[in-house]
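Close look at the chain arrangement
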Amino acid sequence: MTEEVHKGKIELSINGKQYNLEIRPWSTLLDVLRDQLNLTGTKKGCDHGQCGACTVLIEGKAINSCLALANMQQGKEITTIEGLEKNGDLHPVQRDFIEKDAFQCGYCTSGQILSMVGLMNMEKGNSPEEIRDLMSGNICRCGAYSNIYKVAEKLILKNKGDE
Ligand code: FES
Ligand code: FES
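The rules behind the values
Residues numbered from 1 in each chain as written. Chains lettered and ligands numbered in written order. Predicted model: local features only at pLDDT ≥ 70, side-chain atom pairs only at ≥ 80, totals over all residues. Helix = DSSP H or I, 4+ residues; strand = E, 2+ residues; numbered from the N terminus. Buried ≥ 20, exposed ≤ 12 C-beta atoms within 10 Å, placed from the backbone. Contact = placed C-beta atoms within 7 Å. Pairing = 2+ DSSP bridges. Domains from an automatic or database assignment. Nonpolar A, V, L, I, M, F, W, Y, C, P; charged D, E, K, R; others polar. Core = buried A, V, L, I, M, F, W, Y, C linked by C-beta atoms within 7 Å. Axes fitted to C-alpha atoms, helices over the stretch in contact; angles between N-to-C directions. Parallel < 35°, antiparallel > 145°, perpendicular 65-115°, else oblique. Left-handed = near helix turned anticlockwise from the far one by under 90°.

With that settled, consider the environment of A70. Summarising the element assignment, A70 is placed in the loop between β4 (61-64) and β5 (77-79). Residue classification places A70 among the buried positions, given that 23 C-beta atoms sit within 10 Å. Between the alpha carbons of A70 and T80 there is a distance of 14 Å; along the sequence they are ten residues apart. Setting aside residues no more than four positions away along its own chain, A70 makes contact with I10, L12, I23, S27, T28, L29 and V32.

Now the structure itself:
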């Protein structure tokens, strides 16, 4: 039996666009984004749910796309880093990452940004400590945490009206 026999058709909604795809049932969302759609802003770090580099939003909530089967995401709105800007304007989290120099190599950055946006969407994170705890699934190998958390604390607490 060839690999082609195992492929099935699915439709995914990503960054406001519909994509008709043929995928293997075991394909992760991460692999489909990167390998089939060339949306390579979503990074593969561990591929085991331990680093957060692959974070995307599903219905506004941050998930690890390396642990999500692509064929389970039909009918849901998926947002990747490529879809965060609106009409050429960066999302406030993206702007603050640049302004506060919150990255070094950038490999973890899209995951960090999408996790933060996810927290803002869910109105989660009541204190700097809680924000650090909620962001702890996003590992930065370069150790740029200090400025990453400055962005998170400013935007998440402000978003909640606590600042
Ligand atoms: S690549 Fe998904 S959590 Fe590391
Ligand atoms: S900026 Fe390099 S891994 Fe975070």
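Let's pick the thread back up.
Quick look at the pairing of β4 now. Relative to β4, strand β3 (residues 55-58) runs antiparallel, the two sharing four bridges. Bridged to L57 within β4 is A62. The loop that links β3 with its antiparallel partner β4 comprises two residues; one of these, E59, has a positive phi angle of about 50°.

Below, the discussion takes up the pairing of strand β1 (residues 8-14). Two elements, β1 and strand β2 (residues 17-23), share seven bridges in a ladder whose sense is antiparallel. Pairing of E11 across the sheet is with N20, part of β2. Joining the antiparallel neighbours β1 and β2 is a turn of two residues, in which N15 adopts a positive phi near 55°. Inspection of the sheet shows β1 paired to β5 by two bridges, in the parallel sense.

Examined at the domain level, the protein breaks down into domain 1 (3-82) and domain 2 (92-159). Each of domain 1 and domain 2 was reduced to a C-alpha centroid, and the two centroids are 22 Å apart. Opposite the 14 residues of domain 1 that make contact, domain 2 presents 14 residues. Residue assignment for the side of domain 1 that touches domain 2 shows that the elements contributing at least two residues are β3 and β4. When residues of the side of domain 1 that touches domain 2 are assigned to their parent elements, the largest contribution, three residues, is made by β3. Grouping the constituent residues of the side of domain 1 that touches domain 2 by class yields seven nonpolar, five polar and two charged.

Within the element layout of this structure, G60 appears in the loop between β3 and β4. Its 12 C-beta neighbours within 10 Å are what place G60 among the exposed residues. Each C-alpha atom, one on G60 and one on M120, is 9.3 Å from the other, the two residues being 60 residues apart in sequence. Not counting the four nearest positions on each side in its chain, G60 is found in contact with G118 and N121.

To continue, consider the nonpolar core. M116, V117 and A152 are the most contacted members of the largest nonpolar core, which totals 42 residues. When contributions to this core are tallied by element, the ones reaching two or more residues are β1, α1 (29-36), β3, β4, α2 (92-99), α3 (109-122), α4 (128-134) and α5 (145-159). Element by element, the count of residues in this core is highest for α3, at six residues. Mapped onto the domain boundaries, this core takes at least three residues apiece from domain 1 (3-82) and domain 2 (92-159).

To continue, consider the packing of α3 against α5. Orientation of α3 relative to α5, taken along the N-to-C sense of each, is 20°, at an axis distance of 10 Å. Taken together, the axes of α3 and α5 lie roughly parallel to each other. Both α3 and α5 take part in a crossing whose hand is right-handed. The segment α3 lies against α5, with Q112, M116, L119 and M120 engaging I148, A152, L155, I156 and N159. Among the residues forming the contact of α3 with α5, the class breakdown is seven nonpolar, two polar and no charged.

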